[in-house]
Structure formats: structure tokens, C-alpha cells
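Chain residues, written in single-letter form:
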Amino acid sequence: MTADEDLEMYTGAGTLTVSGAVNIASTHALTLGSKNAITGAGVITTDKAVLEAADATVNLTGANAVKKLDGKAKELTFKNGGNLTVGGETGLVTAAGGASLDVTGDLTVGAHGMTNAAGAMKLKASGTLTLDANAEVKSTGAAATSLEATTVNFDTASKVSTAGGTIDVKTDALTLPAGAQGTLSSANGAVTVETKTAGKTMSVGSSSAADLVLPNLDFINSGTGEVHLGNASTGNVEIGTADVKAPLTVESGAAIKFSGAMTNAGGKDTTFKANTIDFASGANLASGAGTMTMTANSVTNWNDAAFADTNGAGTFVLKPKTAGNFTVGGTAGLVTDAGFGKLKAGNFKNVSIGAKDNGGTATIAGVASGNLPKYTSILTQGKINITG
């Protein structure tokens, strides 16, 4: 079908099926309406598409060439073979069924944004995903919301929000406006920011070069929901200056380096998972009354570590990532003699090294008098050897 002017197609209570090519002349618009369903894998080519389907399920999976998409649908699945802007003119509204947009190219959310109920919201682009100034991707229910693209850009006052659902941003580069606050807002749901490509690096509050750079954690407002940074395939992660306001997990398939002050006035639990944990000059970690858990096969540069005084309220846990033998004390252990001294200065109420289900041997090497924290547990399912 080819139209030289605006084209409107409605089916009322029936199903509107797009099985072949629909071509609309440049500068003209296509409107699709139904109270039941709009479906098909035919290719739609138009500068502007409008959905009038507030009561209908829309499932258009062809390699569409739509430049702008606005309107309403009860549930929306839409694929596009080129750059697409949604919510640029009147907004894009979906209901209980949520929305899934899959774009080969760049996806832009315009100033009128996207509004959704509690259904899952998935935005995916092979290129750049941009939220224009003042654009909002908003779910009024507890919608699981995900953004995935090579690059994700948030312009001034743009945000993603959900009323208790999760937010997951998967990208290899993230741009945030200066001083961003609450750009990702979940109302107590978990918020994840992770790398898209294996081996890509991350940093938080650090001037060191990285692929995915987070200036701080202020752009995340998760309430009581956990903040999760990185994944098991992420490369090196550096944590510089960061203020922990919610439970925090940082994950890397390589190394996590601490190089600045991590504050934690609320005593939120923190978890760090990597092959290696490294302390650099200036590292100063706070747990308050919370539990700080590290899982790694090696911890390096204990002499550069510092832990803020927990006033006898916090707990420190260190577990081997791979089950097997480990050593504490001396100069080369999972926790060195100097490391125990640093932990003692943190005044934790409990320090636990190892795990009850670890099948290896725990070797206790030399620990200088006065370096051992006041309550320390060395845990393993295997033997304990004391050599120092």
C-alpha cells in the first residue's frame, strides 16, 4: 500500500493486520487504530506514525522505517530498522501490557516522553539511546524498566521513574547532566547500571579513565532498593569518592579498586565482588552499622586501606571467590598482618574471614600483637593450620 497523503486505518473491535509494505509519502502521517489488536510483520515506512489503540495490543515486528512514533496502546511491541523518536510530539502512552521498543539505530525519547502503567518497559537501541531535555520514561506502577544501548545520554532534567519497580541501564557509555539528582528513580525498587560489552571498565567518583563513567551516585534515587553496579563480565571498576545512600553491590569480572572516600552515614550494607580487590592511596571505606562484604581471590595493597571507625557497630566479611585454600596474616595473605591492623582501626564489632562452606585449608600466618580485631572469625569447612 502506498499513500501520497495522510492515511488513517481503523478496525474498531476487529484486528488490524499489517502483512505487507505500507509506504507513506514524506512529511505525511500514518494513523493506526483499533480496540482489539494491531499486528503484523509488514514494513511500515513513514515520517510519522500515530497509534490510537488505548484498548488494543500492538505488535508490529517488521523492519519498520518509522521516524516518529506517538499515541496510545494497551500493550506495545515495536521494532524499527532505523533511527526513531518516540514521544516527540504528543507522547507515547502504554497501559498494563507495557512497552518493548527494539531499534536498529538511535532511539530518542522526546520531551513529551513515555508514560506506562505496571507492565514491563524495555527500550533497546543498537546505537545511542537519548532522553531529550525534560523527557521522562515514567511508570505509574511497579514496572520493570530497562534501557540498553551502546551509549545512553540523559539531557537536562530527563529521568526514568517507576513506582517500586526495577530499573536496569545496560550500556558502555553514559552521559549525565551536571549535578544530576534522581535521574533514575525507583521508589524503593532495585537500580542496576551495568556494562553492555564484556571487559568494558567502570568508575565512580574518580578521574581515572574508564568506559562507563559515573561522576557519583547522586543520579540514583532507589529509596531502600539496592543499587547494583557492574556485572560478572565487567572489566576493572574503580570506586573513588562515593556517598552510599542505599544498599550497594559492585561487581566485576576483573578487579575493584578503592581510591577515595566512600561515606555511608546511613549504615547501608555494601557488597563487592571481583577476582581482585585493590586499595590505592586515599582509600577510606565506611560501613557505619552496616555489613561490608568482599568476595575475592586476592586483596592487594592493604597498607593503603583505611576504614572509618564504626564505633563497634559494623561488620566486615571477606570470602574467597573460589573455594579452596587461603592464608591470613603474614605479608601475602587474603588478609595480611597489616590488613588486620587496618580492620582493627575500623573498630568493627565482628570481622569474619572465609566461609563455613569453603572446602579448603585456612592457614593462619604471623599476626603481630595488637593487630587482631577484637572479635575475629576464621571460617572454613576444611582444616585450619597455624604457622605463625
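What you see is a predicted model; the values in this text were computed from it and never measured. (Residues numbered from 1 in each chain as written. Predicted model: local features only at pLDDT ≥ 70, side-chain atom pairs only at ≥ 80, totals over all residues. Heavy atoms only, no water.)

Below, the discussion takes up the nonpolar core. For soluble globular proteins, nonpolar side chains are generally found buried alongside one another. By size, the foremost hydrophobic cluster in this structure holds 95 residues, and its most contacted members are Phe 279 and Phe 316. Per-element accounting of this core gives the leading share, 12 residues, to strand E7 (residues 44-80). Leaving out residues up to four positions away in the same chain, Phe 279 has contacts with Phe 258, Leu 285, Met 294, Val 299, Thr 300, Asn 301, Trp 302, Asp 304, Ala 305 and Phe 307. (Core = buried A, V, L, I, M, F, W, Y, C linked by side-chain atoms within 4.5 Å. Buried < 20%, exposed > 50% of the residue type's maximum accessible area, 1.4 Å probe, protein only. Helix = DSSP H or I, 4+ residues; strand = E, 2+ residues; numbered from the N terminus. Contact = heavy atoms within 4.5 Å.)

Right, let's talk about the sheet that holds strand E41 (residues 384-386) for a bit. The 3 strands lie next to each other as E37-E39-E41, forming an open sheet whose pairing is parallel. A single partner strand is all that each edge strand has here, and the edge strands are strand E37 (326-328) and E41. Neighbour-to-neighbour, the strand axes of this sheet turn through a mean angle of 20°, independent of strand direction. Sheet analysis places strand E39 (residues 362-364) next to E41, joined by 3 bridges and oriented parallel. Bridge pairing in E41 places Ala 362 opposite Ile 384. (Pairing = 2+ DSSP bridges. Axes fitted to C-alpha atoms, helices over the stretch in contact; angles between N-to-C directions.)

Position of Leu 174 among the secondary structure elements: in strand E19 (residues 174-175). For the pair Leu 174 and Thr 128, spaced 46 residues apart in sequence, the C-alpha separation works out to 9.9 Å.

Moving on, we come to the side chain of Ser 34. Summarising the element assignment, Ser 34 is placed in the loop between strand E5 (29-33) and strand E6 (37-40). From its side chain, Ser 34 meets the backbone nitrogen of Ala 37 in a polar contact 3.1 Å long. Filtering out sequence-adjacent residues up to four positions away, Ser 34 remains in contact with Thr 11, Gly 12, Gly 14, Glu 52, Ala 53 and Ala 56. (Polar contact = N/O pair within 3.5 Å; in protein donor to acceptor, adjacent residues only side chain to side chain.)

Time to look at the sheet that holds strand E23 (residues 212-214). The 6 strands are arranged E23-E22-E26-E29-E32-E35 in an open sheet whose pairing can be described as parallel. Of all the strands in the sheet, just E23 and strand E35 (298-300) have a single pairing partner and so form its edges. Sheet twist, expressed as the average angle between the axes of neighbouring strands with direction ignored, equals 10°. With 3 bridges joining them, strand E26 (residues 237-239) and strand E29 (residues 255-258) adopt parallel strand pairing. Within E29, the residue paired with Val 237 across the bridge is Ile 256.

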